[in-house]
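Descriptive structure summary
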Amino acid sequence: MKGNVFIVGLGLIGGSLALTIKNQHPNTKIYGLDVHQHEIEKAIELNVIDEKVDSLQQGAELADLIILSTPVVELRKIMKQLSSMTLKDNVIITDTGSTKGEIMEAANEVFNGKVTFIGGHPIAGSHKTGVENADLHLFDNAYYILTPAPEISNKRISELKSWLSGTNARLHILDKDEHDYIVGMISHLPHLIAGVLVNQAKKHAIREPLIRQMAAGGFRDITRIASSNPSIWSDIVMDNRHNLLDLIEDWMNEIRKLTAVLQAGDEQAIHHFFEGAKEYRDSLPSHV
Ligand SMILES: NC(=O)c1ccc[n+]([C@@H]2O[C@H](COP(=O)([O-])OP(=O)(O)OC[C@H]3O[C@@H](n4cnc5c(N)ncnc54)[C@H](O)[C@@H]3O)[C@@H](O)[C@H]2O)c1
């Protein structure tokens, strides 16, 4: 592919996408914009982008592909701004937000079918943030979900897939609501649970300071994602709270069942609980 790519939000995901696009399509020019000047400077220094632009309007006018990679609440504000700007006729706008329902609804409202917007979510990442952590191989083998509205042609979807081919990800089309339910279960609920565990440990560490000193191995593994960017994750769980409330209810039912088993001292049931979890965990595909 040839043309101009404009990335708004030069963080971990926006920066990593810029690297994959430049690597796969060397004749592309990558422009970038961020609210933080130091991220823009770092992006230029690390050769993540070719040039900065001074405004959203300036980048939007030049672009054949616009990638919005800011926190999800900001994404919606930027989409609204873009909808009143002069864009190239054939521009494709996509995003990287971790929720899709609210974003697709906002896109439908602001672009009203006049611009090709294809929602996107690379299901890969890290608790690290910022362009200094951008990685050409971040998306290797990961699922990368696209949520085009039904009226988007296959031709436009294929074009976006070509732009994203350097991610080496598994590009997969999903309905926006199905997407939000799936990531609610495998990503957003685990983030909440990791946060609860860390806050619980902090509370108990007041009584027993060794808890903090000895937190290692398993505790660190299961709570790694509690180190993620709080702004990004507040936005995500607020967006997907409808699914999360159902999933939390279900989680509490599971905890209640476990509580009953422990109260009854039912050793066989506890063994069965761990056995079932191990069997399913061990059977998960190991592609990521
Ligand atoms: N980190 C992950 O694991 C992960 C994975 C998949 C998708 N996502 C999604 O990708 C998006 C970006 O996440 P990230 O991890 O790269 O975050 P990040 O914090 O590393 O980067 C976000 C960047 O957006 C910039 N920004 C914020 N508001 C802006 C605005 N109005 N205009 C221009 N720039 C703005 C910030 O300064 C920052 O540099 C989020 O929507 C997130 O939900 C994250």
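All figures in this text were calculated on a predicted structure; none of them were measured in a lab.

A separate point is the site of the ligand. In the neighbourhood of the ligand, 29 residues make up the surrounding shell, with Ile13, Asp34, Thr70, Ser98 and Gly130 lying closest. One nitrogen or oxygen atom from the side chain of glutamate 74 is found 2.9 Å from a nitrogen atom belonging to the ligand. The contact in question runs from an oxygen atom of the ligand to an N or O atom on the backbone of serine 126, over 3.2 Å. Contact with the protein chains covers 89% of the free accessible surface of the ligand, which is 830 Å². Elements represented by at least two residues in the shell around the ligand include exactly helix 1 (12-24), helix 4 (72-83), strand 6 (116-122) and helix 10 (230-239). When residues of the shell around the ligand are assigned to their parent elements, the largest contribution, 3 residues, is made by helix 4. Here the shell around the ligand spans two domains, and each of domain 1 (3-174) and domain 2 (179-283) adds at least three residues to it.

What follows is about the pairing of strand 5 (residues 92-95). Neither face of strand 5 is left uncovered, since the one carrying Ile92 and Thr94 and the one carrying Ile93 and Asp95 both have all their residues buried. Judged from the 4 bridges that link them, strand 4 (residues 65-68) and strand 5 form a sheet pairing that is parallel. Its bridge partner being in strand 5, leucine 68 is matched across the sheet by aspartate 95. Considered for its hand, the β-α-β crossover made up of strand 4, helix 4 and strand 5 is right-handed. Note that strand 5 and strand 6 share 3 bridges and pair parallel. Note on strand 6: the bridge partner recorded for isoleucine 92 is threonine 116. Taking the sense of rotation as the criterion, the β-α-β connection linking strand 5, helix 5 (residues 101-111) and strand 6 turns out right-handed.

With that out of the way, let us pick up the pattern of salt bridges. Following the criterion strictly, the structure yields 14 salt bridges and no others. For lysine 42, the salt bridge identified is with glutamate 39, shortest N-O distance 3.9 Å. Placement of the pair is lysine 42 and glutamate 39 together in helix 2 (residues 37-45), with a separation of 3 residues, close to one helical turn. On the basis of relative accessibility, which here comes to 23%, the residue lysine 42 falls in the partly exposed class. Using a relative accessible area of 11% as the deciding quantity, one classes glutamate 39 as buried. For lysine 88, the salt bridge is made with aspartate 64, and the minimal N-O distance between the two is 3.2 Å. Residue lysine 88 is found in the loop between helix 4 and strand 5, and its partner aspartate 64 is found in the loop between helix 3 (56-62) and strand 4; the two are separated by 24 residues along the sequence. For lysine 88, a relative accessible area of 33% corresponds to the partly exposed category. Aspartate 64 gets classed as partly exposed once you look at its relative accessible area, which sits at 25%. Here the salt bridges share partners, and the residues they tie into one network are Glu39, Lys42 and Glu132.

What counts as what
- Residues numbered from 1 in each chain as written.
- Predicted model: local features only at pLDDT ≥ 70, side-chain atom pairs only at ≥ 80, totals over all residues.
- Heavy atoms only, no water.
- Near = heavy atom within 4 Å.
- Polar contact = N/O pair within 3.5 Å; in protein donor to acceptor, adjacent residues only side chain to side chain.
- Areas by Shrake-Rupley, 256 points an atom, 1.4 Å probe, with all protein chains shown as cover.
- Helix = DSSP H or I, 4+ residues; strand = E, 2+ residues; numbered from the N terminus.
- Domains from an automatic or database assignment.
- Buried < 20%, exposed > 50% of the residue type's maximum accessible area, 1.4 Å probe, protein only.
- Pairing = 2+ DSSP bridges.
- Right-handed = clockwise from strand over helix to strand, strands pointing away.
- Salt bridge = Lys/Arg side-chain N within 4 Å of Asp/Glu carboxyl O.

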